[in-house]
Amino acid sequence: MPVYKRILLKLSGEALMGGDAFGINRATIVRMVREVQDVTRLGCEVAVVIGGGNIFRGVAGGSVGMDRATADYMGMLATVMNSLALADTMRQEGMTARVMSAISIEQVVEPYVRPKALQYLEEGKVVVFAAGTGNPFFTTDTAAALRGAEIGAEIVLKATKVDGVYSADPNKDPHATRYTSITFDEVIAKNLQVMDATAFALCRDQKLPIRVFSIFKPGALLRVVRGEDEGTLVHV
């Protein structure tokens, strides 16, 4: 049985690359979709926010002379492309997904409307939120925190390359230890990087817990939803 009725899963765009230099690795996206499918079979309602870094990274574009707002809008469009790919893969795996975009491109995807999103979730459909918050200068982490709060998710699951929050960078410090759980205040005091400051503050203010885990670890998402010791829980 799932310990959560409704979750918001935050995936990075880079996670879709697999071993490729950019773009979407077919085997990787299929594996991720099947992990989500395992969770929906438990009866858990799933919403997803995905980044666009595998296609376009706004900050990098801004750093080479591009206007930051323009670069961020390009990044939002990259998340729409990833969301379409994710939803189509879900369809091929026998799932029903709906993409809802924060910016209006109605010929391609439907706009984000909160009551409609809640209806889809209650019907057992996976909802993929595209285009971040619809505003430049905000990350997809912030979009995940915002949408998580809006839909009444019980937790934000941040899927990363590492299997939790560590006392130091585990790639650099062999003595780094993983926290099983840690409070929002402790994360701030220890200056640990969990999410960007805006997203983190929003989750803290809304008392919305975050669990950081590795999406590259087979079965990790299922273990998280079952309440097993996987990753790191950040709580009030």
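Only a predicted model underlies this, so the values are computations on that prediction, with no experimental measurement involved.

Criteria and thresholds
Residues numbered from 1 in each chain as written. Predicted model: local features only at pLDDT ≥ 70, side-chain atom pairs only at ≥ 80, totals over all residues. Heavy atoms only, no water. Phe/Tyr/Trp six-rings, centres within 6.5 Å; stacked < 30°, edge-to-face > 60°. Lys NZ or Arg CZ within 6 Å of the ring centre and 35° of its normal. Pairing = 2+ DSSP bridges. Helix = DSSP H or I, 4+ residues; strand = E, 2+ residues; numbered from the N terminus. Contact = heavy atoms within 4.5 Å. Axes fitted to C-alpha atoms, helices over the stretch in contact; angles between N-to-C directions.

Caption draft 1: Quick peek at the packing of aromatic side chains. Scanning all chains against the criterion turns up 2 aromatic pairs. Positioned above the aromatic ring of Tyr-120 is the side chain of Arg-98, whose terminal nitrogen or guanidinium carbon lies 5.6 Å from the ring centre. If you follow Arg-147 out to its NZ or CZ, it ends over the ring of Phe-129, 5.8 Å from the centre.

Caption draft 2: Seen up close, the sheet that holds strand β6 (residues 155–160). Strand order in the open sheet made by the 9 strands is β4-β3-β5-β2-β1-β6-β8-β9-β7, with mixed pairing throughout. Edge strands, defined here as strands with exactly one partner in the open sheet, are β4 (110–111) and β7 (181–183). Pairing of strand β1 (residues 6–11) with β6, which is carried by 4 bridges, proceeds in the parallel orientation. When the bridges of β6 are listed, Leu-8 appears paired with Val-156. Across the sheet, helix α3 (residues 68–92) is in contact with β1, β2 (45–50), β3 (97–101) and β5 (126–130); its angle to β5 comes to roughly 165°.

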